[in-house]
Amino acid sequence: MTRDTVEFAPDGENTRALRDAFGCFGTGVTVITVKTPQGPLAMTANSFSSISLHPPLVLWSPARSSKRHDAFVMAGQFCIHVLSQRQLPLAKHFASNGSEFDGFQWEEGPFGAPTLQGCLAEFHCDTHAVHPAGDHSLVLGLVRHVRNHNLCEDGLIFDKGRFGSFVQTCENPQ
């Protein structure tokens, strides 16, 4: 062990240390969108994961403390957008402001969810299930339509509280 190593049993007194440890796992960055009676709504999330191929299921988890939480967990459909590195402004914008779509190109997707233009991939989903999970909710989506744009761009990555991109360090193992 080095002197920078931190060991602890997670409790209410060390949530920052737990969050820092979770942050060591780099993730992709997505924006989730839903259609509401008030208009389109979006949220930046790095909690996205594929779950199953048969049936095609994905998962993401909004914080229950978010003012946008209820609109997302009650929505019948949503769209997950996988962001490219050049879309950092979009990620930062929808992290703090979910209802302001001015300046971003979007259209209504095949099942009604707002669809942002220029993303690496889109997953148009029906809400399959929502489960409470501590201070978040787990939202399972049944993927009904996919657009994989096969753009030659790096995905936007979130690691240790910072945005960045993938850098290849070695050849693929044979």
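My aim in this report is to walk through the structure given alongside it, one point at a time. (Residues numbered from 1 in each chain as written. Predicted model: local features only at pLDDT ≥ 70, side-chain atom pairs only at ≥ 80, totals over all residues. Heavy atoms only, no water.)

## Looking at the sheet that holds strand β3 (residues 39-45)
Sheet architecture is open: seven strands sit in the order β3-β2-β6-β9-β10-β5-β4, paired in antiparallel fashion. Looking along the sheet, the strands with just one partner apiece sit at the ends: β3 and β4 (49-52). Averaged over all pairs of adjacent strands, the angle between strand axes in this sheet comes to 35°, irrespective of strand direction. Here β4 runs beside strand β5 (residues 57-60); their pairing, made up of three bridges, is antiparallel. Residue pairing across strands places S50 opposite V58, the latter belonging to β5. Together, β2 (30-36) and β3 form the strand contacts of helix α3 (residues 88-96), whose direction differs from that of β3 by roughly 110°. (Pairing = 2+ DSSP bridges. Helix = DSSP H or I, 4+ residues; strand = E, 2+ residues; numbered from the N terminus. Axes fitted to C-alpha atoms, helices over the stretch in contact; angles between N-to-C directions. Contact = heavy atoms within 4.5 Å.)

## Points about the layout of surface pockets
What the largest pocket holds in volume is close to 1,200 Å³. Taken together, 30 residues line the largest pocket, and the ones lying closest to its centre are R19, N46, S47, H136 and F158. Residue assignment for the lining of the largest pocket shows that the elements contributing at least two residues are α1 (15-22), β3 and β11 (157-159). Examining the composition of the lining of the largest pocket, we find that six residues originate from one element, α1, more than from any other. Its residues assigned to classes, the lining of the largest pocket shows 13 nonpolar, 10 polar and seven charged. (1 Å grid on protein atoms, 1.4 Å probe; cavity = no way out; pocket = protein on both sides within 12 Å on 5 of 7 lines; lining within 4 Å. Points joined across faces, edges and corners; volume = space filled by probe spheres on them. Nonpolar A, V, L, I, M, F, W, Y, C, P; charged D, E, K, R; others polar.)

Take it as geometry only, folks, not as evidence of what the structure does.
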